[in-house]
Amino acid sequence: LADRLAREMRSLENENGRLKADLAYLESLLPAGGAEGPVAIRRFEVEPDAAPGHMRYKALLTQGGRAERDFEGSLQLVVSAVANGKASTITWPRQGADAERERMKVAFRRYRRVEGQFEVPSGATVRSVQLRVIEGGTVRAQETVVR
């Protein structure tokens, strides 16, 4: 019994060390500053999804400084594509798509990982994808990936 408890304690100590290292790394991404710093998008990536005609995105959202309040806003994706020789722009969430709008809401204090997928029209080639973080109708951060 004592050996099992000792092994379990060492395992928990190791896990605690890894979690502390992860937290220190994530905190290092946050710029020093006032209590409410700007929102930033880090590590924005877009890649084809396993489902045909779909793309997957992921990013890390951060709020600078030592935020004393939660950031509450929403995400918006703006996709530039070419289909049949014609350029087009597609924005998510789409007008009137309340379920999409609800899925794109975000709230966080210091950081939050976001990910999701979107559908690409049949035969379209994605040229770029822009992720916007919006608060109260104002774009607080944006990042573009060119494909």
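Here, every reference points to the structure presented above.
Residues numbered from 1 in each chain as written. Predicted model: local features only at pLDDT ≥ 70, side-chain atom pairs only at ≥ 80, totals over all residues. Heavy atoms only, no water.

## Overview of the overall build of the chain
Counting secondary structure elements, the chain contains two helices and eight strands. When its helices and strands are written in sequence order, the chain yields α-β-β-β-β-α-β-β-β-β. By the compact-globule yardstick of 15 Å for 147 residues, the chain is too spread out, its C-alpha radius of gyration being 20 Å. Its C-alpha atoms give the chain principal-axis dimensions of roughly 70 × 40 × 30 Å. (Helix = DSSP H or I, 4+ residues; strand = E, 2+ residues; numbered from the N terminus. Rg over C-alpha atoms; globule rule 2.2 N^0.38 Å.)

## Things to note about the packing of aromatic side chains
In total, this model carries three aromatic pairs according to the counting rule given. Each ring, one from Trp 92 and one from Phe 118, has its centre 5.2 Å from the other, and the planes form 40 degrees; the classification is tilted. You can see Trp 92 sitting in strand 4 (residues 86-92) and its partner Phe 118 sitting in strand 6 (residues 111-119), a full 26 residues away along the chain. Residue classification places Trp 92 among the buried residues on the basis of a relative accessible area of 8%. (Phe/Tyr/Trp six-rings, centres within 6.5 Å; stacked < 30°, edge-to-face > 60°. Buried < 20%, exposed > 50% of the residue type's maximum accessible area, 1.4 Å probe, protein only.)

## Quick notes on unusual backbone geometry
Between Trp 92 and Pro 93 the backbone carries a cis peptide bond, its omega angle lying at 0 degrees. Along the chain, the position of Pro 93 falls in the loop between strand 4 and helix 2 (98-103). Here Arg 43, not a glycine, exhibits a phi torsion of approximately 55 degrees, which is positive. Mapped onto the elements, Arg 43 comes out in strand 1 (residues 39-48). A relative accessible area of 53% means that Arg 43 is categorised as exposed. A positive phi angle, close to 55 degrees, is found at Asn 84, a residue other than glycine.

## Comments concerning the nonpolar core
The biggest cluster of nonpolar side chains holds 28 residues, and the ones touching the most others in it are Phe 44, Leu 75, Leu 77 and Phe 118. Contributions of two or more residues to this core are made by strand 1, strand 2 (54-63), strand 3 (71-83), strand 4, strand 5 (105-108), strand 6, strand 7 (125-135) and strand 8 (138-146). Excluding residues within four positions of it along the chain, Phe 118 makes contact with Val 46, Gly 53, His 54, Met 55, Tyr 57, Leu 77, Val 79, Trp 92 and Val 129. (Core = buried A, V, L, I, M, F, W, Y, C linked by side-chain atoms within 4.5 Å. Contact = heavy atoms within 4.5 Å.)

## Let's talk about the pairing of strand 3
Across four bridges, strand 3 lies against strand 5 in antiparallel orientation. By the bridge assignment for strand 5, Gly 73 is matched with Val 106. Sheet topology note: the strand 3/strand 7 ladder contains nine bridges and is antiparallel. Paired with Val 82 across the strands is Thr 125, a residue of strand 7. Direction of pairing for strand 3 relative to strand 4: antiparallel, over a ladder of seven bridges. For Val 82, the partnering residue across the bridge sits in strand 4 and is Ala 87. (Pairing = 2+ DSSP bridges.)

## Thoughts on the pattern of salt bridges
Opposite charge on two side chains permits pairing when their charged atoms draw close. Inspection of every chain in the model, using the stated rule, returns six salt bridges. Between Asp 49 and Arg 56 there is a salt bridge, with the nearest N and O atoms lying 3.4 Å from each other. Classification of Arg 56 as partly exposed rests on a relative accessible area of 28%. Between Glu 135 and Arg 140 there is a salt bridge; the shortest N-O distance is 3.0 Å. A relative accessible area of 42% places Arg 140 in the partly exposed class. Three or more residues are tied together by salt bridges with common partners; here these are Asp 49, Arg 56 and Glu 115. (Salt bridge = Lys/Arg side-chain N within 4 Å of Asp/Glu carboxyl O.)

Nothing here speaks to function; it is geometry throughout.
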